[in-house]
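This is what each chain is made of:
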Amino acid sequence: MTQHTEPKRFPLIERLTDELGYAKLTADNFKAFVTSHEYSVLFFTESPQRFPESNDVAVILPELIKAFPQLTPAVIDASAEKALQGRYNFHVWPALVLLKEGRYLGAITKVQDWAVYHAEINRILALEPSRDPGLGIPVMSQAPTSGCS
């Protein structure tokens, strides 16, 4: 007789989508969401069982949204996290990735003090969007050298 195991539940993270109405992004709805908002903040939780700080960020994120109402929040679905982690090239969980019209601005990883979040978000929002840090390898151009002197 096989025993059916219920998937792990993470109420603090589920609250963001179920109660607060944050979008849950998958590979299918990701692009449409990020390009339809001027500023978005994407919450990468990985597994709160492995990274308990994700639960802390789940409590902090709604307060950050109150402080920065221009940010439209979303939670990245587990099915899309690894691919998007590679796209945004962060290596520590949990992570908040900030975008402007779908283009990369910056990321904040781990749990931070409120003052650090505030300063970092202000700094990141002042940046110009850049290429997603994990896409492609930058090509270095080298000036041609002449064989004649």
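Before reading on, note that the structure itself is shown above.
What this report covers is the structure whose coordinates are included nearby. All values derive from a computational prediction rather than experimental measurement.

This part takes up helix 5 (residues 114-125). For helix 5, built from 12 residues, the straight-helix expectation of 16 Å at 1.5 Å per residue is met to within 8% by its first-to-last C-alpha distance of 16 Å. Taken as a whole, helix 5 has its buried residues at Tyr117, Ile121, Ile124 and Leu125. The arc that holds the buried residues of helix 5, viewed along the axis, is 90 degrees, so those residues lie on one side. The secondary structure elements touched by the buried residues of helix 5 are strand 2 (39-44), helix 3 (53-67), strand 3 (71-76), strand 4 (95-100) and strand 5 (103-109).

On to helix 4 (residues 78-88), then. Of all the positions in helix 4, only Ala80, Glu81, Leu84, Gln85 and Tyr88 are classed as buried. Buried residues of helix 4, seen end-on, are gathered within an arc of 140 degrees and therefore sit on one face of the element. Opposite the packed face of helix 4, turned more than 90 degrees from it, sit the exposed residues Ser79 and Ala83. Next to the buried residues of helix 4 lie strand 1 (23-25), helix 2 (30-35), strand 2, strand 3, strand 4 and strand 5. Looking at the residues trailing helix 4, positive phi occurs at asparagine 89, about 55 degrees.

Glancing now at the sheet that holds strand 4. Read from one edge to the other, the open sheet built from 5 strands follows the order 1-3-2-4-5, with strand pairing classed as mixed. Lying at the two open borders of the sheet, with one neighbouring strand each, are strand 1 and strand 5. The sheet shows a mean angle of 30 degrees between the axes of neighbouring strands, taken without regard to direction. Both strand 1 and strand 3 contribute to a ladder of 3 bridges, which runs parallel. Within strand 3, the residue paired with alanine 23 across the bridge is alanine 74.

Turning our eyes to something else, we now look at the packing of aromatic side chains. Here a ring pair, both rings aromatic, is described through the centre-centre distance and the interplanar angle of the planes. Evaluation of the coordinates by the stated rule reveals 6 aromatic pairs. Judged by centre distance (6.4 Å) and plane angle (75 degrees), the rings of phenylalanine 44 and tyrosine 88 are edge-to-face. One end of the pair, phenylalanine 44, is in strand 2; the other, tyrosine 88, is in helix 4, and 44 residues separate them in sequence. Each member of the pair, phenylalanine 44 as well as tyrosine 88, is classed as buried. Judged by centre distance (5.8 Å) and plane angle (15 degrees), the ring pair of tyrosine 88 and tyrosine 104 falls under stacked. Of this pair, tyrosine 88 sits in helix 4 while tyrosine 104 is found in strand 5, placing the two residues 16 residues apart along the sequence. What makes tyrosine 88 buried here is its relative accessible area of 1%. Pairwise contacts between aromatic rings join Phe44, Phe51, Tyr88, Phe90, Trp93 and Tyr104 into one cluster.

Counted by the stated rule, this structure contains 8 salt bridges. A salt bridge links lysine 82 to glutamate 46; the shortest N-O distance between them is 2.9 Å. With lysine 82 in helix 4 and glutamate 46 in the loop between strand 2 and helix 3, this pair connects stretches of sequence that are 36 residues apart. For glutamate 46, a relative accessible area of 15% puts it in the buried group. Across the pair glutamate 63 and lysine 66 runs a salt bridge, and its minimum N-O distance is 3.3 Å.

Going from tryptophan 93 to proline 94, the amide bond is cis rather than trans, its omega being -15 degrees. Mapping proline 94 onto the fold places it in the loop between helix 4 and strand 4. Backbone geometry places glutamate 46, a non-glycine residue, at a positive phi of 55 degrees. In the Ramachandran plot, glutamate 101 falls in the positive-phi region, its phi being about 50 degrees despite a non-glycine side chain. With respect to the element layout, glutamate 101 can be found in the loop between strand 4 and strand 5.

Rules used in this analysis
- Residues numbered from 1 in each chain as written.
- Predicted model: local features only at pLDDT ≥ 70, side-chain atom pairs only at ≥ 80, totals over all residues.
- Heavy atoms only, no water.
- Helix = DSSP H or I, 4+ residues; strand = E, 2+ residues; numbered from the N terminus.
- Expected span 1.5 Å × (residues − 1).
- Buried < 20%, exposed > 50% of the residue type's maximum accessible area, 1.4 Å probe, protein only.
- Arc of directions from axis to C-beta.
- Contact = heavy atoms within 4.5 Å.
- Pairing = 2+ DSSP bridges.
- Axes fitted to C-alpha atoms, helices over the stretch in contact; angles between N-to-C directions.
- Phe/Tyr/Trp six-rings, centres within 6.5 Å; stacked < 30°, edge-to-face > 60°.
- Salt bridge = Lys/Arg side-chain N within 4 Å of Asp/Glu carboxyl O.

Keep in mind that these numbers describe shape and distance, not what the molecule does.
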